[in-house]
Amino acid sequence: MPTTKQLLTSVQMARFVAQGFLRLDGVVPQELNDDALAALSTGIPEVSYGTPLAGAFAQDTFIHRLLALPEVAGALESLVGPHPTVDHHAVHVREPHEGNAQALHADAIIDVRPDAFDVQLMYYPHEVTPAMGGTLSVPGSHLRRVNETDVGRVQNLRGQTRLACPAGTVVLVHHGIWHSGRRNDTERRRYMYKLRCNPTVPQVRLWDTSDLHDPAVTAELGTYFPWYETATARLEIHNRVLLWRALTGDDTFDIDYWVTRVRNRPALRSHA
């Protein structure tokens, strides 16, 4: 098994900034998935807020081995840096035929940092079929701040995704994305392991920037989603540009001059 971290590309980072999540389908070996399922059924160790991620989990745990996978380690470092800390972690279970679903919501709305973000790692150790109640998320919603379940009355939005994936899939999400756990209509219990990580370094050019000027980067950042309103969609693009400027350290980047226009502050000049 390769051990070298696989950092994200600029195109992948731009996709994360636009969509609010990044999927790594089937990246976890089946042996590790089996060990994870056994551990999740019995419980996981407590970890205090602020614990350095590197020392939070014993080497013989599935969590330590999961985080050491090159794709996972590289993606986390690209998003939150080389020395993140643990915010919290938890096991999410959807029981067979439980008959209800979680309300659509966003986590930690009091966190309104415009130039930084936490990442929530969601790991699915077994196959998730459409009937198993996979996590629903709304692409492009992460930069539109809502107060937790203020969007809970919304049942469906155009373009929402209801996760169906192979065993060993990891999804990395921005802490602000709108999401919910759907009901499980099968005979099998569904497990998901969630780990939220906090950065400890500025989140500036932490990924492989060799393709930073690829036109595909701007194309990703300019993506529209079906649920966007015509007018306010522009605000979503504006907010993405601000985040991309922060992540790259490039205050000149723009799409259709939307940020450049609103930041135009000509200095007052004295007249001789």
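Above: the structure in question.
Residues numbered from 1 in each chain as written. Predicted model: local features only at pLDDT ≥ 70, side-chain atom pairs only at ≥ 80, totals over all residues. Heavy atoms only, no water.

1. Some remarks on the overall build of the protein chain
Quick reminder of the rule: Working definition: helices are DSSP H or I runs of at least four residues, strands are E runs of at least two. Numbering for both runs from the N terminus. In this description the radius of gyration comes from C-alpha coordinates, and the expected globular size is given by 2.2 Å times residues to the power 0.38. The contact criterion used is simple: two residues touch if any of their non-hydrogen atoms lie within 4.5 Å. To be clear on the numbers: accessible area is Shrake-Rupley with a 1.4 Å probe, and residue cover counts the displayed protein chains and nothing else. Positive charge is attributed to Lys and Arg, negative charge to Asp and Glu, and no charge count is given to His or to the chain ends. A charged residue contributes its charge at one atom only: NZ of Lys, CZ of Arg, CG of Asp or CD of Glu.
A count of helical and extended segments in the protein chain gives 7 helices and 9 strands. Radius of gyration (C-alpha) of the protein chain: 20 Å, near the 19 Å computed for a compact globule of 272 residues. Taking as baseline every contact in the protein chain between residues at least 6 positions apart, the subset at least 24 positions apart corresponds to 87%. Summing over all exposed atoms, the protein chain offers an accessible surface of approximately 13,300 Å²; the carbon and sulfur share of this is 52%. Charge separation in the protein chain, taken as the distance between the mean sites of 26 positive and 30 negative side-chain charges, equals 7 Å.

2. Let's talk about the layout of surface pockets
We count it as follows: Of the grid points, spaced at 1 Å and generated over the protein atoms alone, those admitting a 1.4 Å probe that cannot get out make up cavities, while open sets with protein on both sides within 12 Å along at least five of seven lines make up pockets; any residue with an atom within 4 Å of a point is treated as lining. Grid points are joined across faces, edges and corners, and a volume is the space filled by probe spheres set on the points. Under the scheme applied, nonpolar residues are Ala, Val, Leu, Ile, Met, Phe, Trp, Tyr, Cys and Pro; charged residues are Asp, Glu, Lys and Arg; polar residues are all the others, including Gly.
Here the largest pocket defines a volume of roughly 340 Å³. Looking at the largest pocket, it is lined by 14 residues, and the ones nearest its centre are Leu53, Ala54, Leu67, Ala73 and Pro82. Looking at the lining of the largest pocket, the elements that each hand over two or more residues are helix 3 (62–68) and helix 4 (70–80). Residue composition of the lining of the largest pocket, by class: 9 nonpolar, 3 polar and 2 charged.

3. Considerations on the packing of helix 1 (residues 10–19) against helix 6 (residues 233–248)
We apply this condition: Note on definitions: angles span 0 to 180 degrees between N-to-C directions of axes, and those axes are lines fitted to C-alpha atoms, for helices only across the stretch in contact. For classification purposes, angles smaller than 35 degrees are called roughly parallel, those larger than 145 roughly antiparallel, those between 65 and 115 roughly perpendicular, and all remaining angles oblique. For any pair of crossing helices, the crossing counts as left-handed if the nearer helix is rotated counterclockwise from the farther one by less than a right angle, and right-handed if it is rotated clockwise.
Contact geometry of helix 1 with helix 6 gives a least axis separation of 10 Å together with a crossing angle of 140°. By the angle class used here, helix 1 and helix 6 are oblique. Where helix 1 crosses over helix 6, the handedness of that crossing is right-handed. Counted together, Ser10, Met13, Ala14, Val17 and Ala18 of helix 1 and Arg240, Leu243, Trp244 and Leu247 of helix 6 form the full contact between these two elements. Per-class residue counts for the contact of helix 1 with helix 6 are 7 nonpolar, 1 polar and 1 charged.

4. Quick notes on the side chain of Asp87
How we decide: Here a polar contact is recorded for every N or O atom pair within 3.5 Å, except that within protein the pair must consist of a potential hydrogen donor and a potential acceptor, and residues adjacent in sequence are included only if both atoms are side-chain atoms.
Along the chain, the position of Asp87 falls in strand 3 (residues 85–94). Within the structure, the side chain of Asp87 is placed 2.8 Å from the side chain of His88, a separation counted as a polar contact. At 3.3 Å, the side chain of Asp87 and the side chain of Asn198 are in polar contact. Excluding its chain neighbours within four sequence positions, the residues that come into contact with Asp87 are Tyr49, Asp118, Arg196 and Asn198.

5. A short note on helix 4
Applicable threshold: Remark: exposure states derive from per-residue accessible area (1.4 Å probe, protein chains only) relative to the maximum for the residue type, with buried under 20%, exposed over 50%, and partly exposed in between.
Here helix 4 lies mainly inside the structure; 10 of its 11 residues are buried. Of all the positions in helix 4, only Pro70, Val72, Ala73, Gly74, Ala75, Leu76, Glu77, Ser78, Leu79 and Val80 are classed as buried. Immediately beyond the C-terminal end of helix 4, within one or two residues, lies Gly81, with a positive phi of roughly 95°.

6. Examining helix 1
The element helix 1 is largely enclosed, with a buried count of 8 among its 10 residues. What helix 1 keeps buried is the set Ser10, Val11, Met13, Ala14, Phe16, Val17, Ala18 and Gln19. Against the buried residues of helix 1 lie strand 1 (21–24), helix 4, strand 4 (119–124), strand 7 (169–174), helix 5 (215–221) and helix 6. Gly20 lies just past helix 1 and shows a positive phi near 90°.

7. Looking at the pattern of salt bridges
Pairs can form between side chains of opposite charge whenever their charged atoms are close. Basically, it comes down to this: Salt bridges are defined as contacts in which a side-chain nitrogen from Lys or Arg sits within 4 Å of a carboxyl oxygen from Asp or Glu.
Scanning the model with the defined rule gives 11 salt bridges in all. Its salt-bridge partner being Asp25, residue Arg23 comes within 2.7 Å of it at the nearest N-O pair. For the salt bridge of Asp87 with Arg196, the shortest nitrogen-to-oxygen distance reads 3.9 Å. On the criterion of sequence distance, the pair formed by Asp87 in strand 3 and Arg196 in strand 9 (residues 190–198) is long-range, its members being 109 residues apart.

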